[in-house]
Amino acid sequence: MNNSKQTVDKAAEKKKPMKPFSVHMNKDLQRRYRAEKWFQRSGIAAIVIALSFLLVLFASIIGSGYTAFRQTFVELDVHFNQDLFKNENIAAADYPAMIKDSLRRTFPEVKERRELKSLYMIVSPGAAFSLQDMIKENPRLIGTQQKVWVPANDDVDMLVKGQMKASEAEDNRRIKDDQLAWIEKLEKDGRLETRFNTTFFTSGDSREPELAGIWGAVKGSFYSLLITFLLSFPIGVAAAVYLEEFAPKNFWTDLIEVNINNLAAVPSIIFGLLGLAIFINFWGLPRSTPLVGGLVLTLMTLPVIIIAGRASLKSVPPSIREAALGIGASKMQMVTHHVLPLAMPGMLTGAIIGMARALGDTAPLLMIGMVAFIVDIPGGFTDAATALPVQIYLWADSAERAFTEKTSAAIIILLVFLICMNAAAVILRKKFETKW
Amino acid sequence: MELTSHLASQSFPTLPTYDFAASLDKTETQAARQTVGNPFLENPRMTCRDVAVFYGEKEAIRGINIDVGCNEVLAMIGPSGCGKSTLLRCLNRMNDTVPGCRVEGEICLDGENIYDPSVDVVPLRARVGMVFQKPNPFPKSIFDNVAYGPKIHGFTTDKAELDNIVETSLIKAGLWEEVKDRLQEPGTGLSGGQQQRLCIARAIAVSPEVILMDEPCSALDPIATAKIEELIAELREQFSIVIVTHAMQQASRVSQRTAYFHLGDLIEVGPTERIFTNPRHRLTEDYITGRFG
C-alpha cells in the first residue's frame with residue numbers, strides 16, 4: 001500500500017514541480033491569518049452592535065424615567081379650622097375644604113367660581129390626605145395655622161419639569177394661562193419646589209400620577225416570587241436529582257425528559273390560562289393574588305430549574321461518584337454528600353435565572369387577574385395585588401402624560417432588580433466554583 | 001508500548017503484525033481458551049466461579065474461575081478490552097452502577113456470595129475497597145477525604161479516635177510525612193502521585209479486607225509510580241490486593257500471582273515469576289514477549 005502511494009506522489013511531482021516549502025507556506029499562512037482576523041473583527045462588530053442597542057434602550061428609558069423620581073410640591077398656609085372638626089371622627093373632617101380655603105387666601109383676587117375651580121386644580125387631590133395624616137399624627141394641630149407642603153397636580157408637575165411647554169398655544173396645553181400666572185407667582189414666593197419623590201416608592205397604584213407608586217407592585221412581585229422560589233426550587237432540584245441519579249433509563253423517563261423540555265418552551269400565557277382554569281376555577285383560590293401568581297410562575301420556572309439542575313448534575317465528574325460508592329457510601333450519601341454540593345452553584349444559578357424570567361413575565365399574570373387596578377398595598381399572599389411588569393403594562397396604557405415617566409421609572413426599577421438577580425447568579429457561580 | 005495504543009484504537013483482526021483471528025479457527029478457539037495453570041487456592045479470600053458479565057447483549061467475560069488469596073497481590077494483565085477491569089469491578093459490585101450490566105456465576109468473599117440478593121452492597125464496598133485509574137479525591141480537605149469513610153460507616157464519633165484513624169491511614173499510605181502540616185488543605189491541591197496515595201489512604205481508612213486497584217499508576221510519572229509500588233508491597237502484609245495493570249514490568253514487580261486475560265477469557269494463571277519466565281499458553285507468551293499488546 002505504501003508503495004502505491006509513493007508512486008502516485010511521484011507522478012504528481014512530475015506534473016507540477018513543487019515550490020519551495022517556505023513560499024508555499026507563507027502564502028497559505030497569510031490567507032489563514034486573514035481569515036482569522038476577519039472572523040475576529042466580525043465578532044467584535046456583532047458585540048458592538050448588540051451593546052449599542054442595549055445602550056440606546058437604557059439611555060431612552062433612563063432619559064425619560066429619571067424625572068419621575070422628583071415631584072413638585074406646593075406650600076400652603078393651612079388653617080385647621082375648629083369648625084370643620086365638629087364630628088367625633090377626625091378622619092371624616094372636610095380636609096379638601098381646608099386646602100381650598102388656604103388656596104383662596106393665597107390668591108384673594110380669584111373670586112369667580114370657574115376661576116376658583118381651576119385654581120383648586122393646581123394642588124393634587126391627594127393633598128387632603130396629607131392633611132389627614134398630619135392630624136392623625138398630632139391632633140393638637142386642630143385650630144392652628146400651619147405651613148404645609150402638599151404635592152402639586154400632575155399637570156403642574158409636568159410644567160415645572162419642562163415636559164409641558166408654556167410657549168405652546170393655550171389650547172394645546174392642559175395648564176391654562178391663568179393657572180400659569182398663579183404658578184409663576186407661587187414660584188416667585190418660593191412656595192413651589194421639586195423634591196425627592198418618596199410617594200413613588202411607598203405607595204400603591206393610583207389614578208393620579210402624582211400619588212401613584214410602585215411599592216404595591218414590588219410587594220406583589222415579592223410575594224409571588226417567594227411562592228415561586230419556595231415551590232419550584234425544592235421540587236425542581238428533587239426532580240433533577242431523581243431523573244439524573246436514580247431513575248432508570250427507559251421509555252417513560254425519556255418521555256418525561258422530552259416533555260420537560262417541551263414545557264420549558266410553552267408560551268407563558270398558556271400557563272396563565274392553566275392557572276385560571278385549575279387554580280382559580282377548579283380549586284377556588286382567590287383571584288388576582290400573589291398565591292395564584294406564584295403558583296403559575298412556579299409552573300413556568302420548574303422546567304427551567306429542572307433542566308439547569310440536570311445539566312449541572314451531569315457536569316459533576318463520574319469519578320467523584322465512583323469514589324464515594326467505592327468506599328461504601330450509599331447512593332443517597334453519594335448524592336447528598338458529594339454530588340449535590342458540587343452541583344449546587346449551577347443549580348442556584350439556573351434557579352436565579354429562572355426566577356429573573358418569572359419576575360419579568362407579564363402574560364400569565366394577566367390571565368389570573370393580577371392586572372386589576374389595585375390601590376392597596378398587599379399585606380400577604382391572599383391579598384389582591386399586581387406585579388412589577390404588570391404595573392408597567394398598566395401605566396403604559398394610562399392617558400395622563402405624567403404616567404409616561406412613571407412607566408419608564410418602573411422599568412428602571414424592574415431592570416435594577418433583574419440586574420441584581422443576574423449579578424447574584426454570577427457571584428454565586430464564581431464563589432462556589434470548585435476545581436478538581 | 002506503541003503497539004498497545006495501536007491495539008486500543010483499532011479492532012483486533014486488522015493488526016498488521018499479528019493476526020489473531022486468522023491464527024485461531026473456530027474449533028481451535030474452545031480448546032485454546034481453557035485456562036492454563038491452577039486458578040484455585042487452598043485458603044482463598046475471594047473466589048470467582050463461572051463468572052460471566054454481559055453489557056446488554058454483549059458478553060464481556062465468560063466462565064471465569066479464579067481465587068484471590070489472603071495477603072497476596074494478584075495482577076490481572078491483558079490487552080485492552082480483555083475484561084480484566086470488568087472482572088475487577090465485579091469484585092465489589094461497582095458494575096451495579098453500569099446500566100445494562102448483568103453478572104452471572106458466583107463471587108464469594110469469605111465464603112459468602114456477594115451477588116446474593118440478601119447482601120447489602122454498602123458494607124460490601126467497605127470490605128472490598130477500590131482505587132481508581134485516575135486519582136479522584138473529593139474536593140474537600142485532606143482530612144475529610146480520609147475521614148469520610150469511617151464517618152459514614154459510623155466507626156467512631158469521637159474526634160480523637162477519628163484523628164487517630166486518619167493518621168494511621170495516611171501513615172500506611174506513606175503520605176503522612178508530606179501532609180501532616182496541611183491536613184485542612186484541599187486534597188485536590190496535591191500532586192498526582194500524592195492524590196493517588198490519598199485515595200489509597202481513603203480506601204484503607206475503612207479497614208477493608210481486599211483492595212482493588214484499577215491501573216492505579218497509569219496517570220502517574222515513574223517516581224510516583226515507584227512509590228505506589230512500594231506501598232503496594234507494604235500493604236500486602238495486611239490486605240489482599242487485586243491490581244489491573246497495563247505495565248507488565250509493574251505486574252512482575254508487585255504481584256505474587258498473575259492472571260492473563262484475552263478477549264473475555266482467563267487464559268493463564270500462575271505464580272508471577274513462572275508466567276513471565278515460562279508462559280505455557282501461546283497467547284500469554286505472545287503478549288508478554290511483546291508480539292502484540
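Below is a short write-up of the structure. Quick caveat, the model's predicted, so the values are computed rather than measured.

1. Examining the overall build of chain A
Secondary structure assignment for chain A yields 17 helices and three strands. The C-alpha atoms of chain A give 33 Å as radius of gyration, which overshoots the globular expectation for 436 residues (22 Å, by more than 25%). Structurally, chain A occupies a C-alpha span of about 115 × 60 × 35 Å along its principal axes. Of the charged side chains in chain A, 48 are positive and 42 negative; the average position of the first set lies 14 Å away from that of the second.

2. A few points about the interface of chain B and chain A
Every contact between the two is made by 23 residues of chain B and, on the other side, 18 residues of chain A. Note on chain B versus chain A: buried area summed over both sides is about 1,700 Å², and carbon and sulfur give 65% of it. Contact with chain A buries surface across chain B, with Phe138(B), Pro139(B) and Tyr148(B) losing the most and accounting together for 29% of the total. The salt bridge involving Arg89(B) is made with Glu322(A); its shortest N-O contact spans 2.9 Å. Taken together, chain B and chain A are joined by five residue pairs in polar contact (both at pLDDT 80 or more). Of all elements in the fold, only helix H5 (121-127), strand E6 (128-131), helix H6 (142-152) and helix H9 (192-204) of chain B reach the threshold of two or more residues within the side of chain B that touches chain A. Its residues placed into classes, the side of chain B that touches chain A shows 12 nonpolar, seven polar and four charged.

3. Focus on the nonpolar core
In terms of nonpolar packing, the biggest core is built from 57 residues, with Met46(B), Ile66(B), Leu87(B), Ile107(B) and Val242(B) touching the most fellow members. If one sorts the elements of this core by residue count, helix H14 (residues 331-360) of chain A sits on top with eight residues. Met46(B) has contacts with Ile66(B), Asp67(B), Val68(B), Leu91(B), Ile107(B), Cys108(B), Leu109(B), Ile114(B), Val128(B) and Val210(B), leaving out every residue within four places of it along the chain. Counting 44 residues, the second-largest nonpolar core is a separate cluster that includes Leu170(B), Ala203(B), Ile211(B) and Leu283(B).

4. Details of the sheet that holds strand E3 (residues 192-196) of chain A
Residue and element names in this part refer to chain A. Taken in spatial order, the three strands line up as E2-E1-E3 in an open sheet, and their pairing is antiparallel. Whereas interior strands pair on both sides, the edge strands pair on one side only; in this sheet they are strand E2 (145-151) and E3. Strand-to-strand, the axes of this sheet are offset by a mean angle of 40°, without reference to chain direction. Strands strand E1 (70-79) and E2 of the sheet are contacted by helix H3 (residues 95-106), whose axis makes an angle of about 85° with E1. Sheet strands in contact with helix H5 (residues 127-137) are E1 and E2, and its direction is about 135° off that of E2.

5. Topic: the sheet that holds strand E4 (residues 101-109) of chain B
Residue and element names in this part refer to chain B. As summarised here, the arrangement of the four strands in space is E2-E1-E4-E5, forming an open sheet in which the pairing is antiparallel. Among the strands making up the open sheet, the edge pair consists of strand E2 (58-69) and strand E5 (112-113). Sheet topology places E4 next to E5; two bridges connect them, and they run antiparallel. Each residue of the ladder has a partner; that of Cys 108, found in E5, is Asn 113.

6. What about the pairing of strand E1 (residues 44-55) of chain B?
All names here are of chain B. Pairing between E1 and E2: eight bridges, direction antiparallel. Considered in E2, the bridge of Tyr 55 is made with Lys 58. Where E1 folds back on E2, the antiparallel hairpin that results is connected by two residues, among which Gly 56 adopts a positive phi of roughly 65°. Taken together, the eight bridges between E1 and E4 define a ladder with antiparallel strand orientation. Residue pairing in the sheet places Cys 48 in a bridge with Ile 107 of E4.

What counts, and at which threshold
- Residues numbered from 1 in each chain as written.
- Chains lettered and ligands numbered in written order.
- Predicted model: local features only at pLDDT ≥ 70, side-chain atom pairs only at ≥ 80, totals over all residues.
- Heavy atoms only, no water.
- Helix = DSSP H or I, 4+ residues; strand = E, 2+ residues; numbered from the N terminus.
- Rg over C-alpha atoms; globule rule 2.2 N^0.38 Å.
- Lys, Arg positive; Asp, Glu negative; His and termini not counted.
- Charge placed at Lys NZ, Arg CZ, Asp CG, Glu CD.
- Contact = heavy atoms within 4.5 Å.
- Buried area = accessible area lost by both parts, 1.4 Å probe.
- Salt bridge = Lys/Arg side-chain N within 4 Å of Asp/Glu carboxyl O.
- Polar contact = N/O pair within 3.5 Å; in protein donor to acceptor, adjacent residues only side chain to side chain.
- Nonpolar A, V, L, I, M, F, W, Y, C, P; charged D, E, K, R; others polar.
- Core = buried A, V, L, I, M, F, W, Y, C linked by side-chain atoms within 4.5 Å.
- Buried < 20%, exposed > 50% of the residue type's maximum accessible area, 1.4 Å probe, protein only.
- Pairing = 2+ DSSP bridges.
- Axes fitted to C-alpha atoms, helices over the stretch in contact; angles between N-to-C directions.

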